[in-house]
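# Breakdown of the fold
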Amino acid sequence: MTVTQAVKQRQSCRHYDGAPVPRETISELTELAGLSPSACNSQPWGVVAVDREEDLQDIRRLVQSEGSKINRFAARVPVFLVLYEMETALREDIAARFVDEQCFAPVDIGIFAANLTLLAAERGLGTCILGWFDEAAVRARFPLPGAARVRLVIALGHPSGEEKQRVKTRKPVQDVLHFL
């Protein structure tokens, strides 16, 4: 599969068959996504892989909103990747003049997440990047270093037969690309 094919194929998966994802696969995806670029090579990301049944019960509850339809598909997700922002120090000689103007870590974590989800698509795995979760409860339940912030949670697993490729509707390129 080419990168172009992965970009076209990858979508937010909400139907998982529940089959486990080998830890070797999770490690490989994380290692390869770790090659993502980051400001001053700071690599501000950390990942907690949640795949044991007793932990899955807790994270499923923490990514759903009681009484709503938000993330209700979580019940069949076999792995959740908790992406957190680690405290980093940018090289002052390069970045000092920009630090007050730009916060690089969330962007870098977004690049990491995008690469991870494309790598998963290449391997036939489905993903869904979750932005809604109870951060305080996730931090309290799962071990994170120091003052690390949970930035995203990624659902990861094998798509079920119910998951159909959807037509992607996007803005026309002329609405987002401007030449000067």
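To be clear, the structure that these remarks concern was listed above.
Residues numbered from 1 in each chain as written. Predicted model: local features only at pLDDT ≥ 70, side-chain atom pairs only at ≥ 80, totals over all residues. Heavy atoms only, no water.

With that settled, the discussion passes to the side chain of Thr127. Summarising the element assignment, Thr127 is placed in strand E3 (residues 126–130). Aside from chain neighbours lying at most four places away, what touches Thr127 is Arg10, Gln11, Ser12, Cys13, Tyr16, Thr117, Ala120, Ile154, Ala155 and Leu156. (Helix = DSSP H or I, 4+ residues; strand = E, 2+ residues; numbered from the N terminus. Contact = heavy atoms within 4.5 Å.)

Take helix H5 (residues 105–122) next. Taking 1.5 Å of rise per residue, 18 residues should cover 26 Å, and H5 covers 26 Å from first to last C-alpha, within 8% of that figure. All of the buried residues along H5 are Ala105, Asp108, Ile109, Phe112, Ala113, Leu116, Thr117, Leu119, Ala120 and Ala121. Summarising the contacts, the buried residues of H5 are in contact with helix H1 (3–9), helix H2 (23–33), strand E1 (45–50), strand E2 (79–85), E3 and strand E4 (149–157). Backbone geometry just after H5 places Gly124 at a positive phi near 80°. (Expected span 1.5 Å × (residues − 1). Buried < 20%, exposed > 50% of the residue type's maximum accessible area, 1.4 Å probe, protein only.)

Quick look at the packing of H2 against H5 now. At their nearest, the axes of H2 and H5 sit 9 Å apart, and the two run at 135° to each other. Considering the angle they form, H2 stands oblique to H5. H5 is crossed by H2, and the crossing has right-handed handedness. In contact with Leu29, Thr30, Leu32 and Ala33 of H2, H5 contributes Phe112, Leu116, Leu119 and Ala120. (Axes fitted to C-alpha atoms, helices over the stretch in contact; angles between N-to-C directions. Parallel < 35°, antiparallel > 145°, perpendicular 65-115°, else oblique. Left-handed = near helix turned anticlockwise from the far one by under 90°.)

Turning our attention to the sheet that holds E3. The strands that make up a sheet are held in pairs by hydrogen bonds between backbone atoms, and each pair lies either parallel or antiparallel. Reading across the sheet, the 4 strands line up as E1-E2-E4-E3 and stay open at both edges, with antiparallel pairing between neighbours. Among the strands making up the open sheet, the edge pair consists of E1 and E3. When the angles between neighbouring strand axes are averaged without regard to direction, this sheet yields 25°. Sheet analysis places E1 next to E2, joined by 6 bridges and oriented antiparallel. Within E2, the position partnered with Trp45 by the bridge is Glu85. (Pairing = 2+ DSSP bridges.)

Time to look at the pattern of salt bridges. Where side chains of opposite charge bring their charged atoms close, a pairing between them can arise. Here the structure, examined in full by the defined rule, presents 11 salt bridges. Taking the shortest distance from any N to any O, the salt bridge between Arg61 and Asp58 comes out at 3.6 Å. Placement of the pair is Arg61 and Asp58 together in helix H3 (residues 53–62), with a separation of 3 residues, close to one helical turn. (Salt bridge = Lys/Arg side-chain N within 4 Å of Asp/Glu carboxyl O.)

Time to look at the packing of aromatic side chains. Tallied over the full model, the rule gives 2 aromatic pairs. Summarising the aromatic geometry, the rings of Tyr16 and Phe73 are spaced 6.3 Å apart at their centres and angled 25° between planes, so their arrangement reads as stacked. In this pair, Tyr16 sits in the loop between H1 and H2 while Phe73 sits in the loop between H3 and E2, placing the two residues 57 residues apart along the sequence. Taking the relative accessible area as the measure of exposure, Tyr16 reaches 3% and is therefore buried. Judged by relative accessible area, which is 12%, Phe73 ranks as buried. Measuring from ring centre to ring centre gives 4.9 Å for Trp45 and Phe112, while their planes differ by 25°; the resulting arrangement is stacked. One end of the pair, Trp45, is in strand E1; the other, Phe112, is in helix H5, and 67 residues separate them in sequence. The exposure class of Trp45 is buried, given its relative accessible area of 10%. On the basis of relative accessibility, which here comes to 1%, the residue Phe112 falls in the buried class. When the ring centre of Phe142 is taken as origin, the NZ or CZ atom of Arg141, which lies over that ring, is 4.7 Å away. (Phe/Tyr/Trp six-rings, centres within 6.5 Å; stacked < 30°, edge-to-face > 60°. Lys NZ or Arg CZ within 6 Å of the ring centre and 35° of its normal.)

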